[in-house]
Amino acid sequence: MMAVYGPVPSWRLGASLGVDPICKRKVCSFDCVYCQLGRTTDKTAERRAFIRAPQLKKDLSKALGECEPEVVTFSGTGEPTLASNLGELVGIVRKATSIPVAILTNSSLVADEGVRNDLMGFDIVSVKLDASTPETFKRVNHPLPSIDFAQVLGGLRRFSEDFQGELHVQCMFVDENKGEADGIAGIARGLKPAIVHLDTPLRLSPAPPLAPEELSRIKEKFSGLNAISVYDIKKPAVEPIDAQETIVRRPG
């Protein structure tokens, strides 16, 4: 697998060139009920190096020579903060381009100081927040037993206080957590994000999407925040360099 894929039409970030620091299906600390990649095959919270710097340099150089993305985004076949060399990898991207560098994280490891330090290297950090209680956290995200919801929230608060870049909060709403919008919005307000992205599964997913009217009602709970619904934004038109590499990360 290549370490770079896309560009993809991200409704959050625009034309996004993906960097996959995992490149192995599917390594994650969660097994979310809505995940488009299916069940987690390697469920872990252990950080390790999955790809090496020379591979990313080679793949990134080739991709940037063939497209002009608006952002380079770390995401892909698992939770990107599981990459123990994440700081080195983002440094490679920064040397290769002046395009903003983003990461989509499920927030599971943000209580780890080393992870927070790695995240400081990004221009945009988008953190997942799908629950306001431990019970819903377990029901929606199916985390490893070792991942404590209170510790995750504490890590998010510490990171939000120190991060000098643009903090985004991403909330995926499905039937299992749609009744918890008030509580999720309250936590989000404490993080003081630049943007809150309100999502529901519109691509191929084990969970059905909420209707536009339902997500609109949820959006009302996020008053006072810069909240944007997936139904509000039109995706940009982009052509991936390698369609097969992109489909692995973005099926459906």
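Structure first, text after, so check above.
Criteria and cut-off values
Residues numbered from 1 in each chain as written. Predicted model: local features only at pLDDT ≥ 70, side-chain atom pairs only at ≥ 80, totals over all residues. Heavy atoms only, no water. Helix = DSSP H or I, 4+ residues; strand = E, 2+ residues; numbered from the N terminus. Rg over C-alpha atoms; globule rule 2.2 N^0.38 Å. Buried < 20%, exposed > 50% of the residue type's maximum accessible area, 1.4 Å probe, protein only. Contact = heavy atoms within 4.5 Å. Areas by Shrake-Rupley, 256 points an atom, 1.4 Å probe, with all protein chains shown as cover. Lys, Arg positive; Asp, Glu negative; His and termini not counted. Charge placed at Lys NZ, Arg CZ, Asp CG, Glu CD. Core = buried A, V, L, I, M, F, W, Y, C linked by side-chain atoms within 4.5 Å. Right-handed = clockwise from strand over helix to strand, strands pointing away. Pairing = 2+ DSSP bridges. Axes fitted to C-alpha atoms, helices over the stretch in contact; angles between N-to-C directions.

A.B. asks: Would you mind showing me how to read the overall build of the chain here?
C.D. replies: What the chain contains, in helices and strands, is eight helices and ten strands. Relative to the globule expectation of 18 Å for 252 residues, the C-alpha radius of gyration of the chain, 17 Å, shows essentially globular dimensions. Its C-alpha atoms put the chain at 45 × 35 × 35 Å along the principal axes. Counting the 252 residues in the chain, one finds 56% classified as buried. Of all intrachain contacts in the chain linking residues separated by at least 6 positions in sequence, the fraction that spans at least 24 positions is 76%. For the chain, the computed accessible surface area is about 11000 Å², with 50% contributed by carbon and sulfur atoms. With 31 positive and 32 negative side-chain charges, the chain shows a separation of 2 Å between the mean positions of the two kinds.

A.B. asks: Help me understand the nonpolar core, please; the structure alone is not making it clear to me.
C.D. replies: Generally speaking, a soluble globular protein has its nonpolar side chains buried in company with each other. Leu56, Phe74, Phe122, Cys171, Phe173 and Phe222 are the most contacted members of the largest nonpolar core, which totals 75 residues. It is helix H6 (residues 181–191) that provides the largest number of residues to this core, a total of six residues. Contacts of cysteine 171, omitting those with residues within four sequence positions, involve Leu129, Asp130, Ile184, Val196, His197, Leu198, Asp199 and Phe222. Counting five residues, the second largest nonpolar core, distinct from the first, contains Val71, Ala102, Leu104 and Ile124.

A.B. asks: Which parts of the structure should I look at to understand the pairing of strand E6 (residues 101–105)?
C.D. replies: For a regular strand, side chains alternate in direction, first toward one face of the sheet and then toward the other. E6 sits mainly inside the fold: five of its five residues count as buried. Here E6 shows no split at all, with Val101, Ile103 and Thr105 on one side and Ala102 and Leu104 on the other all buried. Once you follow strand E5 (residues 71–74) into helix H2 (residues 86–96) and on to E6, the crossover reads as right-handed. The sheet contact formed by E6 and strand E7 (residues 124–128) spans four bridges and is parallel. Bridge pairing in E7 links alanine 102 to isoleucine 124. Running through helix H3 (residues 113–119), the crossover from E6 to the neighbouring parallel element E7 is right-handed.

A.B. asks: Help me out: how do you make sense of the sheet that holds strand E1 (residues 4–10) in this one?
C.D. replies: Adjacent strands of a sheet form backbone hydrogen bonds with each other and so pair up, either parallel or antiparallel. A sheet is described by the order of its strands in space; here eight strands give the open sequence E1-E2-E5-E6-E7-E8-E9-E10, paired in mixed fashion. Unpaired on one side and paired on the other, E1 and strand E10 (227–229) mark the two borders of the sheet. Each neighbouring strand pair of the sheet contributes to a mean axis angle of 25°, computed without reference to strand direction. Pairing of E1 with strand E2 (residues 14–19), which is carried by five bridges, proceeds in the antiparallel orientation. Following the sheet pairing, valine 8 is matched in E2 by serine 16.

A.B. asks: Can you help me understand the side chain of aspartate 31 in this one?
C.D. replies: Checked against the element boundaries, aspartate 31 lands in the loop between strand E3 (27–28) and strand E4 (42–43). Residue aspartate 31 is classed as buried on the basis of its relative accessible area, which comes to 6%. Non-local contacts of aspartate 31, meaning those with residues more than four positions away in its chain, are made with Lys26, Gly38, Arg39, Thr40, Lys43, Asn141 and His142.

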